[in-house]
Amino acid sequence: MEKTLQELADYVGGTVAGDPNTIINGIMGIDEATEGHITFVANEKYIKKMNHTKASAVIVSPKLINAKKNLLVCNNPYLAFARIVELLMFKKPVYVKGIDSATSIANTAKIGKDVSIQAYVTIGENACIGDRVVVFPGVFIGENCTIGDDAVLHANVVIYPDTVIGRRVTIHSNTVIGSSGFGYAPDGQSYYKIPQAGNTVIEDDVDIGANTTINRATLGQTIIRRGTKIDSQVVISHNVEIGEDSVIVSQVGIAGTAKIGKHVTLAGGVGIIGHITVGDNVTVGGHSGVAQDLPGNGTYLGTPALPIQKMRRCYVIIEKLPEMKEHMKSLDKRLKQLEEKWKNSD
Amino acid sequence: MEKTLQELADYVGGTVAGDPNTIINGIMGIDEATEGHITFVANEKYIKKMNHTKASAVIVSPKLINAKKNLLVCNNPYLAFARIVELLMFKKPVYVKGIDSATSIANTAKIGKDVSIQAYVTIGENACIGDRVVVFPGVFIGENCTIGDDAVLHANVVIYPDTVIGRRVTIHSNTVIGSSGFGYAPDGQSYYKIPQAGNTVIEDDVDIGANTTINRATLGQTIIRRGTKIDSQVVISHNVEIGEDSVIVSQVGIAGTAKIGKHVTLAGGVGIIGHITVGDNVTVGGHSGVAQDLPGNGTYLGTPALPIQKMRRCYVIIEKLPEMKEHMKSLDKRLKQLEEKWKNSD
Amino acid sequence: MEKTLQELADYVGGTVAGDPNTIINGIMGIDEATEGHITFVANEKYIKKMNHTKASAVIVSPKLINAKKNLLVCNNPYLAFARIVELLMFKKPVYVKGIDSATSIANTAKIGKDVSIQAYVTIGENACIGDRVVVFPGVFIGENCTIGDDAVLHANVVIYPDTVIGRRVTIHSNTVIGSSGFGYAPDGQSYYKIPQAGNTVIEDDVDIGANTTINRATLGQTIIRRGTKIDSQVVISHNVEIGEDSVIVSQVGIAGTAKIGKHVTLAGGVGIIGHITVGDNVTVGGHSGVAQDLPGNGTYLGTPALPIQKMRRCYVIIEKLPEMKEHMKSLDKRLKQLEEKWKNSD
């Protein structure tokens, strides 16, 4: 597909600085882009690269406007990038409509209109599959599950019984939703399994990556609220609640009954201990361990997690601990010399 | 189901304080419980909530007996909770008996009595499936595997050849048992794969969560001993041995040939380096990194892991390192002033 | 199988010290070996055990030659070990040739010679499967994928559309290749999915463990270069590039657009932040968090990662922080006493 720079600017609601008739036939990263490509600079860190890119045009924010390139200027360059990728580069997948004959679907299951249910799919008793739902091969949907309209379940996803999946939810391959929570009561010698009698609810517009695990609740519900995006290989334990529009990056682990607010970002590998609350609009930096409540609207880092500015100061000092120790030794020595002198002067 | 408080006390071996005829029709968490519910307080941290819960009764230990609520008093409230959840709230799953026609089972495989082998299951040559085993859709069981009586393999579990699974073992979806260990001999330029000629043995009464990986041994066996409970997305490498009744929480990683004792608890995200020994009754706190042998009967925390009391003191000081550095600067300055004075007085 | 020690020495290009006619019928670890076994000592740490092993012979490097055991002496004992395991202990798997009737293969897919395509496999439109490829049950291969000659895809692996898999690649169960990258543009209120229009390329001779996730690129390619070995439950994000002959141990997470060099080793649980570069021949110790570029040829440890010698010194001091704080208090006290004395002497 080919568009002029002006057409792209109109498409994303921006303006052109430079030649509006520049022909654009693709979008690429600033290093890989060549003639005919548009690229983007969302981060000021990459401004220098603007002068060296071979791209025919660059998407920028208004404050980066003084470059010599053809520019598409808009307030949210990253969003414009996303929309132009979709327009120029993305081939929207087309799913074969219908139900494959090699499927195992209970008689009591209700299947919506215009679905794509592919080979080797199992759907249990009383499950309810919405309209236009796409179910890739090898997916298992247990009894009494509800799958909302326009949801997409990629190959080999497993949805345990009683799970509720909202509309426009995408779940990537080998992810498991609604598996048993990990709860055991020690009986003195061994462990007694606490039956996990609750379920899992995934609200509308949630995305979930590959190989992620979201357990059902012991009692009540594990809930992922509307619009939250979850990456790959995340573990979300029984009775966790995650608020709306949060972002949970890969390999995060959230222990039982933790409550995560809305607009929260947990970066890769963060661990959240059970039974705590993370407030709205919190960001936690990668690989951090959160062992107590975090009030809202802050950014935290480290194990145990501290406010990020504080933790960064600590990291700088930790790196200098050997020097600090030497300094302390020299202080001790100088002090001793003074003490000696004083003693001798008595 | 409905029970009187007295009936529940009899069921779990406890006593009633308050009205024994209180009708109980469900069990819920202390915040969610309403009239007709029993709830529980296992942790003294939640005592205050007892006065505000809407529950009709509370399960407590003898030391919390002075509340104004109807109480079910017993020595192990958490165990009583588990058993009452099972009694009142848990619908024990019923599995369709028999072998689905859409399965691929080798002629030489032996299948026990009263099994439930569901659609799209593959069972390899000479595999031996015990009585009452439940195999959900999409499970793969390799050649020469043994699956003990009453085991349950959830959808899309993969059991590599030669694996031995004990009785009453539950394995959750997309978990992989017996995959190749990660062993390579550098040959100067590249890597030579060390064939993984051993197998994996899961003893009786082990539970394993979803998306977990337990590799086979290079030589000999990777062994998970009786009664151990393993959570989701755990990695257990070749030749690891885990003792009886241990608890391995989600995202733990145990490197090759490590030996973990019995009654050990490894909290979420703990990493254990290869070739070390963790003694019996050890607990390691979440997100810790264990890089050397840990003697038995201790609790450890941090990376590298230290005895927990010590590590907690270190954490407190780390948080104060900026102040400590300032303090050191001020000591230096005061010392310099004294040195100057001394020099001037000479 | 039985071999003389001399035959084994010839096989691996080593020499015998002791009785060349010693009969060897197996290989085992130094603790487990009994009569008739050969064992090995690759690490000087285990030299002491050589005198206590019941093995009939030991593989050693030339510098360990002064033991009283029958020895197979060679320059790379670990490689010799690998090759003898393969010779004596490893039963090379034999795959049933052909295409199972219970498969779902698009008419436009091209299938090579002598393949083994087992039950419940799905292969999409225009996919191209090389010669002697083995595809275990439940595998999904999306449209337009290429699978190189002699590749092995274990049960329930998922390969998303457009993925390129090289020759002799092994992928273990439940691993997902080519799933959507985790990219969202905030639109002020919620998140706009950045369509992931690139693909994933796995070059020749790469091994990938179980339950690993490798995402496709937003634009361009996510690339794993020739000979790299990846363990279980690793996450590799969109647009990552990993050089040749690197080793990525279990539970590593590599964020988007990071570039990892060749001959790199990332130990278990390492996290790499996005958009950074890790140079050739770098080793990063287990559980470390890398938040900035690492120059080549170094070994790093900790969070944030530092050169290992430096980090180890820091760890030693961290452990002594409580004593250090006490020391500082005592310095302060002694200083105060001197200051008092000075004041009083004025």
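- Under an unreviewed UniProt entry, chain A has the name UDP-3-O-acylglucosamine N-acyltransferase and belongs to Kuenenia stuttgartiensis.
- As recorded by UniProt, the Sequence similarities (unreviewed entry) comment attached to chain A reads in full: "Belongs to the transferase hexapeptide repeat family. LpxD subfamily."
- According to UniProt, the comment filed for chain A under the heading Pathway (unreviewed entry) is "Bacterial outer membrane biogenesis; LPS lipid A biosynthesis."

Overview of the interface of chain C and chain B
Part 1 of the reasoning: At the junction of the two partners, chain C supplies 56 residues and chain B supplies 71 residues.
Part 2 of the reasoning: When the buried surface of chain C facing chain B is broken down by residue, Tyr-120, Met-328 and Trp-342 of chain C rank first, second and third, together holding 14% of it.
Part 3 of the reasoning: There are three salt bridges connecting chain C and chain B.
Part 4 of the reasoning: Taken together, the connections running from chain C to chain B amount to 22 residue pairs in polar contact (both at pLDDT 80 or more).
Part 5 of the reasoning: Put simply, the parts of the chain that give the side of chain C that touches chain B at least two residues each are α3 (77-88), β28 (229-230), β31 (247-248), α4 (308-319) and α5 (321-345) of chain C.
Part 6 of the reasoning: A per-element tally of the side of chain C that touches chain B places α5 of chain C first, with 12 residues.
Part 7 of the reasoning: Partitioned by chemical class, the residues of the side of chain C that touches chain B number 30 nonpolar, 14 polar and 12 charged.

A few points about the UniProt feature "active site" (unreviewed entry) in chain A
Residue and element names in this part refer to chain A.
Part 1 of the reasoning: Following the UniProt record, one finds the feature "active site" (unreviewed entry) at His-238.
Part 2 of the reasoning: Turning to its location among the elements, His-238 is positioned in the loop between β29 (235-236) and β30 (241-242).
Part 3 of the reasoning: The residues touching His-238, leaving out its near neighbours within four places in the chain, are Gly-181, Phe-182, Gln-196, Asn-215, Arg-216, Ala-217, Thr-218, Thr-222, Gly-256 and Thr-257.
Part 4 of the reasoning: Within polar-contact distance, the side chain of His-238 engages the side chain of Asn-239 at 3.2 Å.

Brief notes about the sheet that holds strand β9 (residues 104-105) of chain C
All names here are of chain C.
Part 1 of the reasoning: Pairing is parallel in the open sheet, where 10 strands are placed in the order β9-β12-β15-β18-β21-β26-β29-β32-β35-β38. In this open sheet, the two strands that pair with only one neighbour each are β9 and β38 (289-290).
Part 2 of the reasoning: Bridge count between strand β21 (residues 176-179) and strand β26 (residues 213-215): three bridges; the pairing is parallel. Counted as the bridge partner of Ser-179 is Asn-215 from β26.

Some points on the relation of the copies chain C and chain A
Part 1 of the reasoning: For the pair chain C and chain A, the superposition axis carries a translation of 0.0 Å, the fit reaches an RMSD of 0.0 Å, and the rotation angle comes to 120 degrees. These values place the two chain copies in the arrangement generated by a three-fold rotation axis.

Considerations on the interface of chain C and chain A
Part 1 of the reasoning: In this complex, chain C contributes 71 residues to the contact, which on the side of chain A involves 56 residues.
Part 2 of the reasoning: Summing both sides of the interface, chain C and chain A together bury roughly 5100 Å²; the carbon and sulfur share of this comes to 66%.
Part 3 of the reasoning: For chain C, the biggest contributors to the area lost against chain A are Phe-182, Tyr-191 and Leu-219 of chain C; these three give 13% of the whole.
Part 4 of the reasoning: Connecting chain C to chain A are three salt bridges.
Part 5 of the reasoning: Asp-332 of chain A serves as the salt-bridge partner of Arg-334 of chain C, at 3.3 Å between the closest nitrogen and oxygen.
Part 6 of the reasoning: The tally of links from chain C across to chain A stands at 22 residue pairs in polar contact (both at pLDDT 80 or more).
Part 7 of the reasoning: Counting only elements with at least two residues in the side of chain C that touches chain A, the list comes to β21, β22 (184-186), β23 (191-193), β26, α4 and α5 of chain C.
Part 8 of the reasoning: With 11 residues, α5 of chain C is the largest single contributor of residues to the side of chain C that touches chain A.

Section: the pattern of salt bridges
Residues and elements named next belong to chain A.
Part 1 of the reasoning: With the rule as written, the count across this model stands at 42 salt bridges over all chains.
Part 2 of the reasoning: Of the charged contacts in the structure, one is a salt bridge between Glu-241 and Arg-225, with a shortest N-O distance of 3.2 Å. Of the two residues, Glu-241 is situated in strand β30 and Arg-225 in the loop between β27 (221-224) and β28 (229-230); the sequence distance between them amounts to 16 residues.
Part 3 of the reasoning: Residue class for Glu-241 comes out partly exposed when judged on its relative accessible area of 26%.

Observations concerning the packing of aromatic side chains
Part 1 of the reasoning: Applying the stated rule across the entire model yields 27 aromatic pairs over all chains.
Part 2 of the reasoning: Taking 6.0 Å as the distance between ring centres and 10 degrees as the angle between the ring planes, the aromatic pair formed by Tyr-78 of chain B and Phe-81 of chain B counts as stacked. On the criterion of helical spacing, the pair formed by Tyr-78 of chain B and Phe-81 of chain B is a turn pair, its members being three residues apart in helix α3 (residues 77-88).
Part 3 of the reasoning: Judged by relative accessible area, which is 6%, Phe-81 of chain B ranks as buried.
Part 4 of the reasoning: Between Tyr-184 of chain C and Tyr-191 of chain C the ring centres are 6.5 Å apart and the planes differ by 80 degrees, which places this aromatic pair in the edge-to-face class.
Part 5 of the reasoning: In this structure Tyr-184 of chain C comes out as buried when scored by relative accessible area, which is 11%.
Part 6 of the reasoning: Grouping aromatic residues by their ring pairs yields a cluster made of Phe-40, Tyr-78 and Phe-81 of chain A.
Part 7 of the reasoning: The ring of Tyr-11 of chain B carries Arg-83 of chain B above its face, with NZ or CZ at 4.6 Å from the centroid.

A word on the sheet that holds strand β34 (residues 265-266) of chain A
Residue and element names in this part refer to chain A.
Part 1 of the reasoning: The 12 strands are arranged β8-β11-β14-β17-β20-β25-β28-β31-β34-β37-β39-β40 in an open sheet whose pairing can be described as mixed. The open sheet has two edge strands, β8 (98-99) and β40 (306-307), and neither has a second partner.
Part 2 of the reasoning: Relative to strand β14 (residues 134-135), strand β11 (residues 116-117) runs parallel, the two sharing two bridges. Within β14, the position partnered with Ser-116 by the bridge is Val-134.

What about the side chain of Thr-200 of chain A?
Residue and element names in this part refer to chain A.
Part 1 of the reasoning: For Thr-200, the position within the fold is in strand β24 (residues 199-202).
Part 2 of the reasoning: With relative accessibility at 0%, the residue Thr-200 sits in the buried group.
Part 3 of the reasoning: Within the structure, Thr-200 has its side chain in polar contact with the backbone nitrogen of Arg-216 (distance 3.4 Å).

Focus on the environment of Lys-113 of chain C
All names here are of chain C.
Part 1 of the reasoning: Position of Lys-113 among the secondary structure elements: in the loop between β10 (110-111) and β11 (116-117).
Part 2 of the reasoning: When the C-alpha atoms of Lys-113 and Val-139 are compared, they prove to be 19 Å apart, with 26 residues separating the residues in sequence.
Part 3 of the reasoning: Among all residues touching Lys-113, those that are not within four sequence positions of it are Asp-131 and Arg-132.

Comments concerning α4 of chain C
Part 1 of the reasoning: With 12 residues, α4 of chain C extends 16 Å between its outermost C-alpha atoms, agreeing within 8% with the 16 Å of an ideal straight helix rising 1.5 Å per residue.
Part 2 of the reasoning: Turning to α4 of chain C, its buried residues number three or more, namely Ile-308, Met-311, Cys-314, Tyr-315, Ile-317 and Ile-318 of chain C.
Part 3 of the reasoning: Buried residues along α4 of chain C sit in contact with α4 (308-319) and α5 (321-345) of chain A, α4 (308-319) of chain B together with β39 (299-301), β40 (306-307) and α5 of chain C.

Rules used throughout
- Residues numbered from 1 in each chain as written.
- Chains lettered and ligands numbered in written order.
- Predicted model: local features only at pLDDT ≥ 70, side-chain atom pairs only at ≥ 80, totals over all residues.
- Heavy atoms only, no water.
- UniProt positions renumbered as here; feature names shortened; annotations may be inferred.
- Contact = heavy atoms within 4.5 Å.
- Buried area = accessible area lost by both parts, 1.4 Å probe.
- Salt bridge = Lys/Arg side-chain N within 4 Å of Asp/Glu carboxyl O.
- Polar contact = N/O pair within 3.5 Å; in protein donor to acceptor, adjacent residues only side chain to side chain.
- Helix = DSSP H or I, 4+ residues; strand = E, 2+ residues; numbered from the N terminus.
- Nonpolar A, V, L, I, M, F, W, Y, C, P; charged D, E, K, R; others polar.
- Pairing = 2+ DSSP bridges.
- Least-squares fit on C-alpha atoms with pLDDT ≥ 70 in both.
- Buried < 20%, exposed > 50% of the residue type's maximum accessible area, 1.4 Å probe, protein only.
- Phe/Tyr/Trp six-rings, centres within 6.5 Å; stacked < 30°, edge-to-face > 60°.
- Lys NZ or Arg CZ within 6 Å of the ring centre and 35° of its normal.
- Expected span 1.5 Å × (residues − 1).

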